[in-house]
Amino acid sequence: MSEPVEERDESLFEAPPMGEQERMIEAILFASAEPVTVRELNERMPHGSDAAEALVHLRKRYEGRGVTLMKTGDAWAMRTAPDLGFLMRRETVETRKLSRAAIETLAIIAYHQPVTRAEIEEIRGVSVSRGTVDQLLEMEWIRFGRRKMTPGRPVTFVVTQEFLAHFGLESARDLPGLKELRSAGLLESRPLPASMPGADQGEDEDSDTMLPDGDQTELFED
Amino acid sequence: MSEPVEERDESLFEAPPMGEQERMIEAILFASAEPVTVRELNERMPHGSDAAEALVHLRKRYEGRGVTLMKTGDAWAMRTAPDLGFLMRRETVETRKLSRAAIETLAIIAYHQPVTRAEIEEIRGVSVSRGTVDQLLEMEWIRFGRRKMTPGRPVTFVVTQEFLAHFGLESARDLPGLKELRSAGLLESRPLPASMPGADQGEDEDSDTMLPDGDQTELFED
Amino acid sequence: MSDDDFDAATPERIADRMAAEALIVDVDGFEGPLDLLLTLSRTQKVDLRKISILHLAQQYLAFVEKARALRIELAADYLVMAAWLAFLKSRLLLPPDPEEEGPSGEELAAHLAFQLERLQAMRDAAARLMGRDRLGRDFFARGVPEEITRTRRITYTATLLDLMQGYARIRTRDEFRPYAMDRDSIWSLEQALERMRGLIGFAGTWTDISTYLPDGFGHDPARRRSATASTFAATLELAKEGRIELRQADTFAPIQLRRKD
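Computed from a predicted structure; not experimentally measured. (Residues numbered from 1 in each chain as written. Chains lettered and ligands numbered in written order. Predicted model: local features only at pLDDT ≥ 70, side-chain atom pairs only at ≥ 80, totals over all residues. Heavy atoms only, no water.)

Examining the overall build of chain C
Check the secondary structure of chain C and you find ten helices and four strands. Scanning chain C from its N terminus toward the C terminus, one meets helices and strands in the order α-α-α-α-α-α-β-α-α-α-β-α-β-β. Burial statistics for chain C: of 261 residues in total, 41% are counted as buried. Put simply, of all contacts in chain C between residues at least 6 apart along the chain, 57% involve residues at least 24 apart. Accessible surface, chain C: about 14,700 Å² in total, of which carbon and sulfur atoms supply 54%. (Helix = DSSP H or I, 4+ residues; strand = E, 2+ residues; numbered from the N terminus. Buried < 20%, exposed > 50% of the residue type's maximum accessible area, 1.4 Å probe, protein only. Contact = heavy atoms within 4.5 Å. Areas by Shrake-Rupley, 256 points an atom, 1.4 Å probe, with all protein chains shown as cover.)

Looking at the confidence of the model for chain C
All names here are of chain C. For chain C, the mean per-residue pLDDT works out to 79, and 85% of the residues sit at or above 70. Considering each helix and strand of chain C separately, the mean pLDDT is smallest for helix α1 (residues 3-7), with a value of 44, and largest for helix α6 (residues 105-131), with 91. A low-confidence stretch, residues 1-9 stays under pLDDT 50, and its non-local contacts, those more than four residues away or across chains, total eleven contacts. Predicted complex metrics record ipTM = 0.60 and pTM = 0.58. (pLDDT = per-residue confidence, 0-100.)

Describing the interface of chain C and chain B
Opposite the 40 residues of chain C that make contact, chain B presents 59 residues. Taken together, both faces of the contact between chain C and chain B bury some 4,400 Å²; the carbon and sulfur share is 63%. Across the chain C-chain B interface, the total number found is five salt bridges. R124(B) is paired through a salt bridge with E31(C); the nearest N and O atoms lie 2.5 Å apart. The tally of links between chain C and chain B comes to ten residue pairs in polar contact (both at pLDDT 80 or more). When contributions to the side of chain C that touches chain B are tallied by element, the ones reaching two or more residues are α3 (33-42), α5 (76-93) and α6 of chain C. For the side of chain C that touches chain B, the residue count by class is 22 nonpolar, four polar and 14 charged. (Buried area = accessible area lost by both parts, 1.4 Å probe. Salt bridge = Lys/Arg side-chain N within 4 Å of Asp/Glu carboxyl O. Polar contact = N/O pair within 3.5 Å; in protein donor to acceptor, adjacent residues only side chain to side chain. Nonpolar A, V, L, I, M, F, W, Y, C, P; charged D, E, K, R; others polar.)

Considering the sheet that holds strand β6 (residues 142-144) of chain A
All names here are of chain A. What the three strands build is an open sheet, ordered β5-β7-β6; its pairing is antiparallel. Looking at strand neighbours, the two that pair on one side only are β5 (115-116) and β6, the edges of this open sheet. Note: β6 against strand β7 (residues 156-159), three bridges, orientation antiparallel. Opposite R143, over in β7, you have V158 as the bridge partner. (Pairing = 2+ DSSP bridges.)

Here's the deal with unusual backbone geometry
One can expect most non-glycine residues to show negative phi and most peptide bonds to be in trans. Following Q113(A), the chain continues to P114(A) via a peptide bond in cis, the omega torsion being -10 degrees. Although it is not a glycine, R153(B) adopts a positive phi angle of roughly 40 degrees. Looking at where R153(B) falls in the secondary structure, it is placed in the loop between β5 (142-144) and β6 (156-159).

Regarding the pattern of salt bridges
Going through the model one piece at a time under the given rule, you end up with 33 salt bridges over all chains. Measuring nitrogen to oxygen at the nearest pair gives 3.6 Å for the salt bridge that ties K71(B) to E170(B). Taken together, the positions of K71(B) in strand β2 (residues 67-72) and E170(B) in the loop between α8 (161-166) and α9 (178-183) put the pair 99 residues apart, joining distant regions of the chain. You can call E170(B) partly exposed: its relative accessible area is 33%. The residue E31(C) makes a salt bridge to R100(B) at a minimum N-O spacing of 3.6 Å. Residue E31(C) is found in the loop between α2 (11-25) and α3, and its partner R100(B) is found in helix α5 (residues 100-112); the two belong to separate chains.

So, the nonpolar core
Ranked by size, the top nonpolar core spans 49 residues in total, and within it L29(A), L41(A), L29(B), L41(B) and M78(B) carry the most contacts. Of all the secondary structure elements, the ones that give two or more residues to this core are α2 (18-31), α4 (51-61), β2 (67-72) and β3 (75-80) of chain A together with α2 (18-31), α4 (51-61), β2 and β3 (75-80) of chain B. Ignoring any residue separated from it by four or fewer positions in sequence, one finds L41(A) in contact with I25(A), I28(A), L29(A), V36(A), A51(A) and L55(A). Counting residues in hydrophobic clusters, the runner-up holds 35 residues, among them A102(B), I109(B), L136(B) and A126(C). (Core = buried A, V, L, I, M, F, W, Y, C linked by side-chain atoms within 4.5 Å.)

Focus: the sheet that holds strand β4 (residues 255-259) of chain C
Residues and elements named next belong to chain C. Taken in spatial order, the three strands line up as β2-β4-β3 in an open sheet, and their pairing is antiparallel. This sheet does not close on itself; its edge strands, each paired only once, are β2 (207-208) and β3 (244-248). In the sheet, β3 pairs with β4 via five bridges, with the strands oriented antiparallel. The residue of β4 that forms the bridge with R247 is Q256. Across the sheet, helix α10 (residues 221-240) is in contact with β3 and β4; its angle to β3 comes to roughly 125 degrees. (Axes fitted to C-alpha atoms, helices over the stretch in contact; angles between N-to-C directions.)

Quick look at the packing of α3(C) against helix α4 (residues 53-69) of chain C
Residue and element names in this part refer to chain C. Where α3 contacts α4, the axes come no closer than 10 Å and their chain directions differ by 115 degrees. At the point where α3 passes α4, the crossing takes the right-handed sense. Across the interface between the two elements, P33, L36, L37, L40 and S41 of α3 pack against L56, Q59, Y60 and F63 of α4. Along the lines of polarity and charge, the residues of the contact of α3 with α4 split into seven nonpolar, two polar and no charged. (Left-handed = near helix turned anticlockwise from the far one by under 90°.)

What follows is the structure in structure tokens.
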């Protein structure tokens, strides 16, 4: 039941009490899509209002609240408190399988540590992409080891405690050897399907980046 | 590179203090144009929070302010105080003018829900045009309810949460004058005497005579 | 009350008639007989519950008469209502006939009164509803709603088995070498046969065998060789099955085939 506007305006020759003015700017700032200048506030409020003063009161009222008054340029806006930004985010965690390239690189590091990038590449037969190493570093499954005392003093990679914890190993030496892998049936001589990366190994720079889209997903089978 | 959310979750086995929870729901409700359910609030707040209790505090805090808390169904929203609407004309989005037929149809659906098209036509004494119903559906003020268990199993219409939110109603029970209309018997479906015009129209579509008593009240209890 | 009585030129009646005429002018403005009846009933200036249905019936019939006199075409449902109200009027005026089946005139009148009251109630309710403070008109939602940003955090995992299999794959790759031959440039006999079986149905006339090479095998020499060999072998197979005929004009001339019907 809205009252006629004219009537209200006429009855407000005297400026409304400050508490009322505070309510008014509160409502205007809340509903406005853009920051509002003091001048604009005064224009919209009943004659004789003092938006600047009302803003001082309102700002004080919202101190420490979940919503704060902010000044941008000479305009004012209400915003959620910066420390509560996390409430505006929704994080979903998705777990994916490591790519084949990452697993192979990780396996080589685990079995051969400390190992240089060049050595990993030699064993894998393909170059190792930066992304793969970075990913493993970020997961904290590998870290830099001591530099090798060979020309160029290349950095080496070793696996971390986190790696051992994740895989339930006491030390990297506990990893089963080739013979054990074979007797465990993990080395059955089954031909690789023709479409698998590594089939024309050597040309395949890095299976991560070179694969067509369709194949890409397959690597993340989950 | 720590994961802020996980860490936060872990450090918050204890729910944050109620004042902090109040700030949080204040921020969430403030930031949303749509009503937010208590359930969603709880989901977004740290583990162990009690949004319902925080809402009680927050509602009290905003009493008489330029912005108030409004409840629709089990969802809450922040809205400018209705008495300050005159300040806000500038923000008004011109809503499409509803025809008289649409307004009446809407009212009949709200007060008689769930109601079939044939029942609406009986009350209005004219057929309801497709366009009218479509318009109300499109505005998301009405939706299809359960089919009536009468011959032909006609579809029914009910009003939506959006309808309640638009008119600032907490539930359909709060419709103005509902109690008076009911006690005056004006929300009953009285059978049409056989010889009246319209009594034979839409024979199977629906017939009020088949309605079990108390069907009407059932839906206002939710 | 009779029709004569109704037409008597008392000032009140004149007002009624003027109202009726005014109504006729915008007959299109009515939403049907019930709407018209409700409007007419207002001229009685009494509570809808105490309305005289008999009087209302007379008003309605007079309205329809006027409309006819002014040659205004009324929709069928107005005339149906008129007929029914005439029937109701007679029922209300005549003493009840014990032989008659169905509801009494009073019952019918009561229901009509109920319908009118209900329609009026709904109209009042609609007006109250629309008069409420409304979102976007009287109260307002947040002007700049903040979207909830949804971030997807992806964590990667692997099992020890993955790790060992991966390692085994690398260390034993040489064992697999013979199998990992490049089959890209090979068009096998099976593939050729399958392709030919599907196509020979359309070979009603002599067609050059080279037109049956699969797409992408026509240019690269290695691929072309493979496809030509397998396609040729396939045609021989099909000829043996009696599905096609083959011919060659000369040594090294193009080989042609045709469906055998």
